[in-house]
Amino acid sequence: MKRRKFIGTAATASVGLLSCKNANALDTKKNKEFTLKNNINHSVCHWCFNSIPLEDFLKKLNELGVKSIDLMGPDEWPLLKKYGIHSSMCNGAEISLTEGFNDPKYHETLIKNYTEMIPKVAAAGYTNLICFSGNRRGMDDKIGLQNCVKGLKQIMPLAEKHGVVIQMELFNQQNHPDYMADTSAWGIELCKQLGSDNFKLLFDIYHMQIQEGDIIKSIQDNHKYFGHYHTAGVPGRHEIDENQELYYPAIMRAILATGYKGYVAQEFIPEREDIIDSLKQGFTICDV
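This is a predicted model, so every value here is computed, not measured. (Residues numbered from 1 in each chain as written. Predicted model: local features only at pLDDT ≥ 70, side-chain atom pairs only at ≥ 80, totals over all residues. Heavy atoms only, no water.)

A.B. asks: Any chance you could explain the nonpolar core here in plain terms?
C.D. replies: Counting residues in each nonpolar core, the largest one holds 88 residues, and the members touching the most others are L152, I166, M168 and F199. Here the element with the most residues in this core is helix 4 (residues 107-123); it accounts for six residues. Sequence-distant contacts of F199, that is, excluding residues within four places in its chain, are made with C131, L152, M156, V165, I166, M168, L190, C191 and L194. (Core = buried A, V, L, I, M, F, W, Y, C linked by side-chain atoms within 4.5 Å. Buried < 20%, exposed > 50% of the residue type's maximum accessible area, 1.4 Å probe, protein only. Helix = DSSP H or I, 4+ residues; strand = E, 2+ residues; numbered from the N terminus. Contact = heavy atoms within 4.5 Å.)

A.B. asks: Before we go on, may I ask you to explain the side chain of N172 in this structure?
C.D. replies: Here N172 is to be found in the loop between strand 5 (165-169) and helix 7 (184-194). The class for N172 is buried, based on a relative accessible area of 0%. Among the polar contacts made by the side chain of N172, one reaches the main-chain amide nitrogen of Q174 at a distance of 2.7 Å. Engagement of the side chain of N172 in a polar contact is seen with the side chain of H207, the distance being 2.7 Å. Not counting residues up to four positions away in its chain, the partners in contact with N172 are Y206, H207, I210 and Q211. (Polar contact = N/O pair within 3.5 Å; in protein donor to acceptor, adjacent residues only side chain to side chain.)

A.B. asks: Help me understand the layout of surface pockets in this model?
C.D. replies: A probe as big as a water molecule, rolled over the atoms, marks out the empty space that is left. By volume, the largest pocket is sized at about 220 Å³. Lining of the largest pocket is provided by 14 residues; of these, L71, L97, F132, E169 and F171 occupy positions nearest its centre. Across the lining of the largest pocket, the residue classes break down as six nonpolar, four polar and four charged. Roughly 180 Å³ of internal volume is contained in the second largest pocket. Looking at the second largest pocket, it is lined by 14 residues, and the ones nearest its centre are K200, F226, G227, Y260 and G262. Looking at the lining of the second largest pocket, the elements with two or more residues in it are strand 5 and strand 7 (226-231). Looking at side-chain class alone, the lining of the second largest pocket contains four nonpolar, seven polar and three charged residues. (1 Å grid on protein atoms, 1.4 Å probe; cavity = no way out; pocket = protein on both sides within 12 Å on 5 of 7 lines; lining within 4 Å. Points joined across faces, edges and corners; volume = space filled by probe spheres on them. Nonpolar A, V, L, I, M, F, W, Y, C, P; charged D, E, K, R; others polar.)

A.B. asks: What exactly am I supposed to notice about helix 7 here?
C.D. replies: An α-helix turns once per 3.6 residues; consequently, residues spaced three or four apart project the same way. Among the residues making up helix 7, those that are buried are S184, W186, G187, I188, L190, C191 and L194. G195 occupies a position one or two residues after helix 7 and carries a positive phi of about 60°.

A.B. asks: What is the right way to look at the packing of helix 5 (residues 141-152) against helix 7 in this model?
C.D. replies: Helix packing geometry: the angle between the two helix axes and the distance between the axes. Running from amino to carboxyl end, helix 5 crosses helix 7 at an angle of 40°, the nearest separation of the two axes being 10 Å. Comparing the axis directions of helix 5 and helix 7 gives the class oblique. Between helix 5 and helix 7 the crossing geometry is right-handed. When helix 5 is examined against helix 7, the residues D141, G144, L145, Q146, C148, V149 and L152 are found in contact with a partner set consisting of W186, E189, L190, Q193 and L194. Looking at the contact of helix 5 with helix 7 residue by residue, the classes come out as seven nonpolar, three polar and two charged. (Axes fitted to C-alpha atoms, helices over the stretch in contact; angles between N-to-C directions. Parallel < 35°, antiparallel > 145°, perpendicular 65-115°, else oblique. Left-handed = near helix turned anticlockwise from the far one by under 90°.)

A.B. asks: Before we go on, may I ask you to explain the environment of G195 in this structure?
C.D. replies: Tracing the sequence through the fold places G195 in the loop between helix 7 and strand 6 (199-204). Judged by its relative accessible area of 62%, G195 is exposed. Counting along the chain gives 39 residues from G195 to M156, while the straight-line C-alpha distance between them is 9.8 Å.

A.B. asks: What's the story with empty space enclosed by the protein in this structure? I'm lost.
C.D. replies: A full pass over the atoms with the stated rule returns one cavity of 30 Å³ or more. Estimates place the volume of the largest cavity at around 30 Å³. Residue lining of the largest cavity: N39, I40, N41, L256, Y260, K261, G262 and V264, and that is the complete set. In terms of residue class, the lining of the largest cavity is built from four nonpolar, three polar and one charged.

Everything listed here is a matter of geometry and, on its own, says nothing about what the molecule does.
Okay, structure coming up:
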């Protein structure tokens, strides 16, 4: 190689190395600047960020100081343990969102699934396990509620024995047409009829803003029935910033004022290119 070419190549390489070092230094500085008060127990749903492989995502959560992740089943738990990340909402016992406890034809399968999963959740050191009402398919809501009571009552003694909380998620009709558990009132009545502290509602703020609104009042009045919270921006289910209609700092303060000690999980689908920056913004907005 000619001397002139070598010097030019070496100089370019040096600039490249310097740029990499500077970029890494900036990333480290940004992560150091990102600190959370953790009055809110932060979590996140990986499915919204699944362009990042789970293991890499867990590493990133460790860098950010976020120690929980939502909607993880037994297959993922060993990886969570490896990185010291808690499974704040477990899954894996349900059939689907549309096939749930409101239809007796699914009870045999669901009871078997939850009977097997509840001890596994407890043995792994976790608490929350998700469930779904299922779709109406022409069924009256009162009948569906009674069917849910009948099915869930068969697993609640086991959940109570193991300290596992079964949590039914509430959805809106725009995103999940025909889903039965689509209002707080329906879910609260189910909680009342079951009469167990080990059954709660997963109050998805995004879904309930679309379906019924009055989020803060609902939290204030009904928080004893809400065991977990999800976030996302309305409309669109994107970032929870000023481009959407919910003011999450006030919502988080209302949650804290109830004495809530559980988890709030980010479940928005990022629109911006830097999805980790969007996630950090979501945590910061909720970190009241």
